[in-house]
Amino acid sequence: MSATSPKVLRGRQFFANPGPTNIPDSVLRAIDRPTIDFHDPDFVEVYDATFAALKRVLGTEHHLFMYSGSGHAAWEATLTNLLSQGDTILLIESGHFSDEWGRMAAAHGLEVQMVPADWRHGVEIAAVKAALVADTKHAIRAVCVVHNETATGMFIPLPELRAAIDAVRHPALFLVDTISSLASLEFRMDDWKIDGVVGGSQKGLMCPTGMSFTGVSERGMAANKQAKLGRYYFDWTVMLKRPGKSFIGTVPVNAFYGMREALRLLEQEGMENVIARHHYLAEGVRRCVNVWAGNNGPQLFCTNPGRYSDSVTAVLMPEGHDAEELRRTARYRYNVSLGGGLSRLHGRVFRIGHMGDLNEAMVLGALTAVEMSLRRNGVPHGKGGVEAAMAYFAS
Ligand code: PLP
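Now for a quick tour of the structure. (Residues numbered from 1 in each chain as written. Predicted model: local features only at pLDDT ≥ 70, side-chain atom pairs only at ≥ 80, totals over all residues. Heavy atoms only, no water.)

1. Considerations on the sheet that holds strand β2 (residues 63-68)
With mixed pairing, the seven strands of this open sheet are ordered in space as β2-β10-β9-β8-β5-β3-β4. A single partner strand is all that each edge strand has here, and the edge strands are β2 and β4 (111-115). Geometrically, the sheet is characterised by an average inter-axis angle of 20° between neighbouring strands, direction not taken into account. Alignment of β2 against strand β10 (residues 211-216), held across six bridges, turns out to be antiparallel. The partner of Met66 across the bridge, within β10, is Phe213. (Pairing = 2+ DSSP bridges. Helix = DSSP H or I, 4+ residues; strand = E, 2+ residues; numbered from the N terminus. Axes fitted to C-alpha atoms, helices over the stretch in contact; angles between N-to-C directions.)

2. Considerations on the site of the ligand
In the region of the ligand, 13 residues are neighbours, and Ser70, His72, Thr150, Asp177 and Lys203 sit closest. Within the side chain of His72, an N or O atom sits 2.6 Å from an oxygen atom of the ligand. A distance of 2.7 Å separates an oxygen atom of the ligand from a polar side-chain atom of Lys203. Here the ligand loses 89% of its free accessible area of 380 Å² to cover by the protein chains. (Near = heavy atom within 4 Å. Polar contact = N/O pair within 3.5 Å; in protein donor to acceptor, adjacent residues only side chain to side chain. Areas by Shrake-Rupley, 256 points an atom, 1.4 Å probe, with all protein chains shown as cover.)

3. Comments concerning the environment of Asp135
Position of Asp135 among the secondary structure elements: in the loop between α5 (125-134) and β5 (140-146). Here Asp135 falls in the buried class, since its relative accessible area comes to 10%. Separated by 127 residues in the primary sequence, Asp135 and Val8 have C-alpha atoms spaced 60 Å apart. For Asp135, the contacting residues outside a window of four places in its chain are Ile140 and His170. (Buried < 20%, exposed > 50% of the residue type's maximum accessible area, 1.4 Å probe, protein only. Contact = heavy atoms within 4.5 Å.)

4. Points about the pairing of strand β9 (residues 196-200)
Of all five residues making up β9, five are buried, and the element is well covered by its neighbours. In this sheet, β9 lies alongside strand β8 (residues 173-177) in parallel orientation, the contact comprising three bridges. Pairing of Val176 across the sheet is with Val197, part of β9.

Pasting the structure below:
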């Protein structure tokens, strides 16, 4: 706590991180229950219902494997189940998370061919197409993309990427990280012919961290039979021999009770409404930041309006002002938790998460704390940002 802050922070902390996110009370209550044997028929019903609902949210009728582990675990499971040492992947640069996925692939002995992109503007689909056209021998086994780059607040239009792969008739698998887009942005695994979808529990799915999963197409399952990278806990073939056709070890039963409830909440709201709500709340945040940007203030990091993320907004601080200092003021003076800048954006960017269990008042609370922190820290900014968001939400 800083010297100027109150010793005690009363009230509930406003949590505006882009994952983990706020967990609805009914999800917390669902998790808070006595242990039950994971073979017990009562639990098996919950397990099966969770798989079925998650498949509906993913938009797939194909395969789904779940793991105890965060999103990194699902990345590792997906790569090792689909590829063999020396295989080439075409990785689309988007920011910290595409870099991280590339580091993991390289650690497994995969060749990583990057399609470079400006982190503020995003990749040109034509550049992806050109890389695939140049690959006349079809050495590229998989095109890997982060649907929504949580570090920069930018998404990539998956149907356009799918169309680019189809246009050049490239047989590569299409692998997508949907960790910060699922249940926040439109996502359709089967319609967009995605072969491997990586997801996690702690963002749009409104659950605690620690469960992750891969949705797999029939082409993906065929590739799995040829894939030789080492795996055991994550091996889909081994999983399919287990009673629940997933989970090689103990099943995290309480997490399942939580996820089943979270999926019930999402389906009760209706996925189209969930997506629309995310767009609406994100638009309020962007209107606010665009006002702050006046007077050489903080601005949207993403400079490509067609690709603004509806689940997270990254805000670039003016030159000479430290984003970490601002986050400290928000956290220790106003009890609002914001996301920090990742890797090369550390100190330059702060991030406002607006995904999951959120409404206008919660968003406004976070924006107000940021605006107060800007004033308190002497960061130049245009006045009236929160007012602009209020006007939008009241219209
Ligand atoms: N991919 C994206 C887009 C993410 O936002 C994150 C985490 O924030 C990850 C991957 C890594 O997931 P985890 O932190 O759950 O391991």
